Amino acid sequence: MNAQTEFLSIIGPAGQLELAIDRPTEAARGTAVIAHPHPLHGGTLTNKVVQTLARACVQAGWTSVRFNFRGVGQSEGVYDEGRGELDDLMAVIEAQAPSGPLCLAGFSFGSFVTSHAAARLHDSRDIQHLVLIGTAASRFEVAPVAAELHARTLVVHGEQDDTVPLSSVMDWARPQSLPVLVVPGGGHFFHGQLPLLRDLVLRHLRA
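Every value quoted in this text rests on a predicted model; they were computed, and no experiment measured them. (Residues numbered from 1 in each chain as written. Predicted model: local features only at pLDDT ≥ 70, side-chain atom pairs only at ≥ 80, totals over all residues. Heavy atoms only, no water.)

S.K.: Can you help me understand helix 1 (residues 48–59) in this one?
M.R.: For the α-helix, the turn length of 3.6 residues means that residues three or four positions removed from each other point alike. Taking 1.5 Å as the rise per residue, helix 1 with twelve residues should run 16 Å; its terminal C-alpha atoms sit 16 Å apart, in good agreement. Where helix 1 is concerned, the buried positions are Val49, Val50, Gln51, Thr52, Leu53, Ala54, Ala56, Cys57 and Val58. Where the residues of helix 1 are buried, they touch strand 2 (15–22), strand 3 (31–35), strand 4 (63–67), strand 5 (102–107), strand 6 (127–133) and helix 5 (194–206). Capping the start of helix 1, Asn47 holds a side-chain oxygen 2.8 Å from the backbone nitrogen of Val49, two or three residues further along. Once helix 1 finishes, Gly61 follows within two positions and takes phi at roughly 95°, a positive value. (Helix = DSSP H or I, 4+ residues; strand = E, 2+ residues; numbered from the N terminus. Expected span 1.5 Å × (residues − 1). Buried < 20%, exposed > 50% of the residue type's maximum accessible area, 1.4 Å probe, protein only. Contact = heavy atoms within 4.5 Å. Polar contact = N/O pair within 3.5 Å; in protein donor to acceptor, adjacent residues only side chain to side chain.)

S.K.: Explain the pattern of salt bridges to me, please; I cannot follow it from the model alone.
M.R.: Enumeration over the complete set of coordinates arrives at eight salt bridges. Here Arg66 and Asp22 are joined by a salt bridge, their closest N and O atoms 3.0 Å apart. Here the residue Arg66 occupies a position in strand 4, and Asp22 occupies one in strand 2, the gap between them amounting to 44 residues. A relative accessible area of 2% means that Asp22 is categorised as buried. What you see here is one network of salt bridges that share partners, running through Asp80, Glu81 and Arg83. (Salt bridge = Lys/Arg side-chain N within 4 Å of Asp/Glu carboxyl O.)

S.K.: Please clarify how the pairing of strand 4 should be interpreted in this entry.
M.R.: Residues in a regular strand project their side chains so that they alternate between the two faces of the sheet. Among the five residues that make up strand 4, five are buried, leaving the element largely enclosed by the rest of the structure. By the alternation rule, side chains of strand 4 split into Thr63, Val65 and Phe67 and Ser64 and Arg66, which are all buried. With four bridges joining them, strand 2 and strand 4 adopt antiparallel strand pairing. Within strand 4, the position partnered with Asp22 by the bridge is Ser64. In terms of strand pairing, strand 3 meets strand 4 through four bridges, oriented parallel. Within strand 4, the residue paired with Val33 across the bridge is Val65. After leaving strand 3, the chain enters helix 1 and then returns to the sheet as strand 4, a path that is right-handed. (Pairing = 2+ DSSP bridges. Right-handed = clockwise from strand over helix to strand, strands pointing away.)

S.K.: Where do I start with the pairing of strand 7 (residues 153–158) in this structure?
M.R.: Within strand 7, six of the six residues are buried, which leaves it mostly tucked inside the rest of the structure. In strand 7, alternate side chains face the same way, and those of Thr153, Val155 and His157 on one face and Leu154, Val156 and Gly158 on the other are all buried. Handedness of the crossover joining strand 7 and strand 8 (residues 181–183) through helix 4 (residues 166–173): right-handed.

S.K.: Even after reading the chapter, I still don't get the side chain of Arg70, so can you show me in this structure?
M.R.: Summarising the element assignment, Arg70 is placed in the loop between strand 4 and helix 2 (83–96). Of the residues examined, Arg70 reaches a relative accessible area of 9% and is grouped as buried. In terms of polar contacts, Arg70 uses its side chain to reach the backbone carbonyl oxygen of Gly84, at 3.1 Å. Within polar-contact distance, the side chain of Arg70 engages the side chain of Asp88 at 2.9 Å.

S.K.: What's the story with helix 5 in this structure? I'm lost.
M.R.: The first and last C-alpha atoms of helix 5 sit 18 Å apart over 13 residues, in line with the 18 Å expected at 1.5 Å per residue. For helix 5, the full list of buried residues reads Leu194, Leu197, Leu200, Val201, Leu202, His204 and Leu205. Here the buried face of helix 5 lies against helix 1, strand 5, strand 6, strand 7 and strand 8.

S.K.: How do you make sense of the packing of aromatic side chains when you look at a structure like this?
M.R.: For any pair of aromatic rings, the description consists of the separation of the ring centres together with the inter-plane angle of the planes. With the rule as written, the count across this model stands at seven aromatic pairs. Centroid distance Phe67 to Phe69: 5.0 Å. Interplanar angle 85°. Geometry classified as edge-to-face. We classify Phe69 as buried; its relative accessible area is 0%. The interplanar angle of 75° and the centroid separation of 5.8 Å between the aromatic rings of Phe107 and Phe189 together place this pair among those described as edge-to-face. With Phe107 in strand 5 and Phe189 in the loop between strand 8 and helix 5, the pair connects residues that are 82 residues apart, well separated along the chain. Taking relative accessible area as the criterion, Phe189 reaches 38% and is therefore assigned partly exposed. Among the aromatic residues, those joined into a cluster by ring pairs are Phe67, Phe69, Tyr79, Phe109, Phe112 and Phe140. (Phe/Tyr/Trp six-rings, centres within 6.5 Å; stacked < 30°, edge-to-face > 60°.)

Below, the structure is given as structure tokens:
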């Protein structure tokens, strides 16, 4: 993302996992772990939406940790339909944010994986923010968000998303009475609207 980005690897459940870390200039408020889109459809830690999330987190004072799921980039292993990817995410959290304030964020497939991590961790960790962008509710079984986390959760979806229809996200959110912030005219990748997306996330993180 910038010249200060630190690249490293950790040992994950299926071998090495590639990480990219960006730090705020001041003391960090906590650690934000960000999950990328579908590994089999070009999703990586350099995805523009993922980088936008990382930028917003750093600007809000969080250390941002992006990573490549198994089988992507320098990360070892093979795609595992979300099961192994959840294990990857949990391993990154354990390695980079074993304690302290936590922000979990994901885009598309990454939101699906992140939802399950939040469900697994909300009883034991201080999840201060949950950010789900372009949530892949039409393609995967996204976990419901615990009621205690609703006020800390931001769900953003493009009105004209043709990869994940807005209606599927509403169907997921409706039984939970979980608000969804809709970007008018927005597509799945928020082309031309990434500054707006950054500002929406930044506003949420600073609230």
